[in-house]
Amino acid sequence: MDSIRVSKVEKVLCGKSGGAHYGSLHLTAHHLIFRYEDSEKEEMWVPYPLISLVLKLPQTLQGQSPLTFHTRMFETFSLSFEKERDAIDVFESVKELTVCTSVNQLYAFFYTPNPPFDTIGGWSLYSPREEFGRMGVGTRTKAWRFTDINKDYAFSPTYPSRLVVPSRISDSTLRYASKYRSKCRIPALTYLHWANFGSITRSSQPMVGIKQNRSLQDEKLVEAVFQSHHFSESRPSGPVYGATSTNLIVDARPTANAVANTAKGAGTENMDNYKDAKKVYSGIDHIHTMREALAKVVDVLREADNMAASVTGSLPGEAQQLVVVDRQALRRSGWLRHMSNIMEGAALIVRNIHINSSHVLVHCSDGWDRTSQLSALAQLCLDPYYRTIRGFQILVEKDWVSFGHKFLDRCGHLSSDKFFTSLPETGGTSSGADAAQAFLVSVQNRFTSQSHLKETSPCFHQFLECVRQLQRQYPSRFEFNEHFLRQLLYHLYSCQFGNFLYNCERERRAGENGIVPSERAACIWDFFNSTSELEKNKNDAYDPSLDDPSSRDPSADMGVLFPNAKDIRFWHELYGRTEEEMNGRIVVSQTKEGPEFTSPIDSLEDDPVNPISVPAGIPLPPSPARTPNLPNPSVVPSNAGNASEALTAGLRGLWSSLPDIPHRTTIDNIAAPSSTSLRPSGPPLRPSSPGSNLSPPIRPRTANSTDTFYNTGVKSVWGKLSSNATAAFSAMQDAYDGVAKDFKALPRPSGDNEDDAQGKTSELQPRERLGDGERSAYRVTSQSHSVGSTYNPWDNVKPQKAVHVIPSNNPWSTTRSRSPRPGSLSQDLFDGKKLLPLDPTVAHPPRHLESGDSSGFRISGQIHDVGVPHPTVVTDENLLLEEGDQPLSTNIDPLGVGFL
């Protein structure tokens, strides 16, 4: 051919899948073939329609001229040539061979299977009379009939030749009704439920317009569809369902788009004119938004490839995947959100037909894109037959090919949307004028290509991804596997078979210039039904017994699947990545109702994979003024709401057993902050104690190799438990260090000096006493518990605390501190001259409150929590400041280990 400037190039370096190998490049009329020098490696065949982008890069430092290729199957490879002339010839040849001007130039009309397929008859696989007869049209029910009104495609050029319509509607009424529907695509039957006679009909949008036009014939047609249960032959013996308010008209478009079309003379149904029906909007965006969303996904993957190449200094395709894919950018693409909308719309149709025994009319704008997606997915869930290999092939032929999905336009087989860009050289040999000219040519090529992009959209690709979601949710309910879907998408763009080359059934039967595909091209179903392919595409986990409608097993579902629109994930095998690269780790919310997969949502705050908020393992400290006053110190609100009760109880006991380490308290800590603030304005208070639900203060945290949940950013309850346990053991270690110091420096008492005894039996002394020897101590009276003579340091009831008096004004006292001694709190806490605190579980000599020495104060109003555990409820009369406590005996071995 004249388009091929060079047919073979030797010594070409091919970089693909993280490796680079030498070989020879061959250009044929329909394929780019690379043969490796290593004979053990399989040849790489790339059909030209599969190429989506070719970049001619400047020469490398080694003097090689590289070309980078991107395919529609999300693969990237590079070819490096020793001569610049060879790179230019290959670039121009592939460019001319990729962009075709006629369907007859595609590979399907030149491909001959060798050896021939062992099965034939793929072109006649789908027969409308056989398929609708299987559903019961003409046998189980007489409410529907076949019509040949479109046998020559004059009634509606984009509809199939044989339609199924209500028996009560004549062909004359259909002709009048067709004028009210866009492209004359009237409501026609596409599925009849196998048990309750519920139906799925599909059409295009009504031509309402600004004047709010209406059609009595269209209203009668829709009414006959919704009342098909009332036909005498199909009336069930039991109560009649259907023809009720549960009948739905599903408009697949967003509400704003549907209403906006009224300005173009179209629009959506006025429900005042349609009886016994309701209308819902699925909110599925138009083809342009879908195309842009997938383009964003492709850009993210290409950016990862380019980043990996720049890090290693190699070409795209040669480098290993060293750079993690930006999953935030993948979420922002909106691709998962669009699929979730489609799945939700299909689930609505399934529930209304199977559970409500009613009818559904589905349409979008023209009824060949979003309508096909919703209709086919709903049938896939309702009918187990369509989940077999043969049934799925018939479903694609019926709802996509026959009902007129525009494969030629949507897939862009003939459009010039392949970008062929030659980047300017950066060396000194190229002048500024040459660089500017190259840039203008590149921009011109892109703008020219954009004009042909307006009809392309990944509608069928999106449908296959939704089927993959169902496969993943119900792995044992499909006869075919993931490889089958991936192969089908590959041949959608390879143009090797004649099934997906035209826009409607009429074009496929007539062909172009007398060349009929059923006579000249191979059928893709013969390829999939061949013996070798069947073995590759069968699902080993398939269990058809689960689809038995007569099963009385408690878990039986009568063969009907209900898709989970929240469990949507990227099809990582299709994109050539790992599950963790594309989707992160699986997140399961362990609730009492059972595990449920968290939904991947586009908003960054709700992203379960890459949250940008504070990790769940680091709880935020609540406001001190909001700390609840708990009457029982052992009852602490659990922060891990999704954990089991046993783990929660264990954590409660762990927190309750921690020694209390007071922190320096300022006026800002006990001042009530604003209700909207989540962080206290002053320094953080002491760690969470049995009488308080205050969370530990937030500290900067760095990821490490063992902290798996933090590295992945998963909001998991286990991360929260791990963080709390780590903080608990850190506090325990600090407490033990202080106890060891106390024991080492513990002297035996030599007298009954009250000052010494008091100083050795209090946990922390006030600064007035530490500074000038003034006898003053704060103590909150609490109830004594006598459960034994041995000191139990892990008891849930904490020892009595002494509130540390700060150098500044004390809001709890009526007197000012006269001689505060500056010093660090750690020195006061771990002073070796002080003894351990009193144990409330051990009986002590009674203490007397001497009225003459008491300088008590009362607290009126609200009880403020400053990090001290709550004792038994104390009234204003018995909450006093006491002095002159009697000395206690220090000849006590609290831990039973002997004095040092």
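To be clear, the structure that these remarks concern was listed above.
Quick caveat: nothing in here was measured; it's all calculated off a predicted structure.

### Details of the overall build of the protein chain
- The number of helices and strands found in the protein chain is 26 helices and 17 strands.
- The contacts of the protein chain with a sequence gap of at least 6 include a subset with a gap of at least 24, amounting to 73%.
- Surface exposure of the protein chain reaches about 41300 Å², of which carbon and sulfur atoms provide 53%.

### Some thoughts on the packing of helix α8 (residues 335-355) against helix α9 (residues 370-382)
- As a packed pair, α8 and α9 sit with axes 9 Å apart at the nearest point and diverge in direction by 55°. Classed by the angle they form, the pair α8 and α9 counts as oblique. In this structure, α8 crosses over α9, and the sense of that crossing is right-handed. Taken together, the residues of α9 that come into contact with α8 (itself represented by I342, M343, G345, A346, I349, V350, I353 and H354) are Q373, L374, L377, A378, C381 and L382.
- Classifying every residue of the contact of α8 with α9 gives eleven nonpolar, three polar and no charged.

### Focus: the pairing of strand β6 (residues 65-71)
- Taking burial as the measure, the seven residues of β6 include seven buried ones, the bulk of the element.
- Residue alternation in β6 divides its side chains into two sets, S65, L67, F69 and T71 and P66, T68 and H70, and both sets are buried.
- As defined by bridge partners, strand β5 (residues 51-56) adjoins β6 across five bridges and the pair is classed as antiparallel. Counted as the bridge partner of I51 is T71 from β6.
- Summarising the sheet, β6 and strand β7 (residues 76-81) pair through six bridges and their orientation is antiparallel. Residue T68 lies in a different strand from β7, and its bridge partner there is S78.
- Joining the antiparallel neighbours β6 and β7 is a turn of four residues, in which F74 adopts a positive phi near 65°.

### Section: the packing of aromatic side chains
- A complete count under the given rule lists 28 aromatic pairs for this structure.
- Judged by centre distance (4.6 Å) and plane angle (50°), the ring pair of F74 and Y575 falls under tilted. In this pair, F74 is assigned in the loop between β6 and β7 and Y575 in the loop between α18 (531-537) and α19 (579-583), connecting sequence segments 501 residues apart. Of the two residues, F74 and Y575, both sit in the buried class.
- Just above the ring of Y36 sits the side chain of K41; from NZ or CZ to the centre is 5.0 Å.
- The ring of Y386 has R134 lying over it, and the distance from NZ or CZ to the ring centre is 5.3 Å.

### Comments concerning the packing of helix α3 (residues 171-178) against helix α4 (residues 216-226)
- With their axes 7 Å apart at the nearest point, α3 and α4 run at an angle of 120° to one another. With respect to their mutual orientation, α3 and α4 come out oblique. Classified by chirality, the crossing of α4 by α3 is left-handed. On the side of α3, the interface is formed by T173, L174, Y176 and A177, while α4 contributes Q217, D218 and L221.
- The residue makeup of the contact of α3 with α4, split by class, is four nonpolar, two polar and one charged.

### Some details on the pattern of salt bridges
- Counted according to the given criterion, the structure contains 33 salt bridges.
- Here R134 makes a salt bridge to E131, at a shortest N to O gap of 2.9 Å. Here the residue R134 and the residue E131 both occupy positions in helix α2 (residues 128-135), the gap between them amounting to three residues, near one helical turn.
- By relative accessible area, which is 34% here, R134 ends up partly exposed.
- On the basis of relative accessibility, which here comes to 4%, the residue E131 falls in the buried class.
- The partner of R337 in a salt bridge is D285, and the shortest N-O contact between them spans 4.0 Å. Placement of the pair is R337 in helix α8 and D285 in the loop between β13 (278-281) and α6 (287-312), with a sequence separation of 52 residues.
- A residue is classified by how much of its surface remains accessible, and D285, at 19% relative accessible area, is buried.

### Side note on the state of the cysteines
- With the rule as written, the count across this model stands at zero disulfides.
- Free of any disulfide, C100 has its nearest cysteine sulfur in C495, 7.6 Å distant.
- C459 forms no disulfide, and the closest cysteine sulfur to it belongs to C364, at a distance of 8.8 Å.

### Examining unusual backbone geometry
- A cis amide bond links N114 to the next residue, P115, at an omega of 0°.
- As for its position among the elements, P115 is in the loop between α1 (84-98) and α2.
- The backbone of K11 shows a phi angle near 55°, a positive value even though the residue is not glycine.
- A positive phi angle, close to 50°, is found at D276, a residue other than glycine.
- Within the secondary structure, D276 is located in the loop between α5 (255-260) and β13.

### What about the pairing of strand β11 (residues 199-203)?
- Burial of β11 is extensive: five of the five residues sit out of reach of the surface.
- The alternating pattern of β11 places S199, T201 and S203 on one face and I200 and R202 on the opposite face, and all of these are buried.
- The hairpin formed by strand β10 (residues 188-192) and β11 contains six residues between the paired strands, and F197 there has a positive phi angle of roughly 65°.
- The pairing of β11 with strand β14 (residues 360-363) spans four bridges and is parallel. Within β14, the position partnered with I200 by the bridge is V360.

Cut-offs and rules
Residues numbered from 1 in each chain as written. Predicted model: local features only at pLDDT ≥ 70, side-chain atom pairs only at ≥ 80, totals over all residues. Heavy atoms only, no water. Helix = DSSP H or I, 4+ residues; strand = E, 2+ residues; numbered from the N terminus. Contact = heavy atoms within 4.5 Å. Areas by Shrake-Rupley, 256 points an atom, 1.4 Å probe, with all protein chains shown as cover. Axes fitted to C-alpha atoms, helices over the stretch in contact; angles between N-to-C directions. Parallel < 35°, antiparallel > 145°, perpendicular 65-115°, else oblique. Left-handed = near helix turned anticlockwise from the far one by under 90°. Nonpolar A, V, L, I, M, F, W, Y, C, P; charged D, E, K, R; others polar. Buried < 20%, exposed > 50% of the residue type's maximum accessible area, 1.4 Å probe, protein only. Pairing = 2+ DSSP bridges. Phe/Tyr/Trp six-rings, centres within 6.5 Å; stacked < 30°, edge-to-face > 60°. Lys NZ or Arg CZ within 6 Å of the ring centre and 35° of its normal. Salt bridge = Lys/Arg side-chain N within 4 Å of Asp/Glu carboxyl O. Disulfide = S-S within 2.5 Å.

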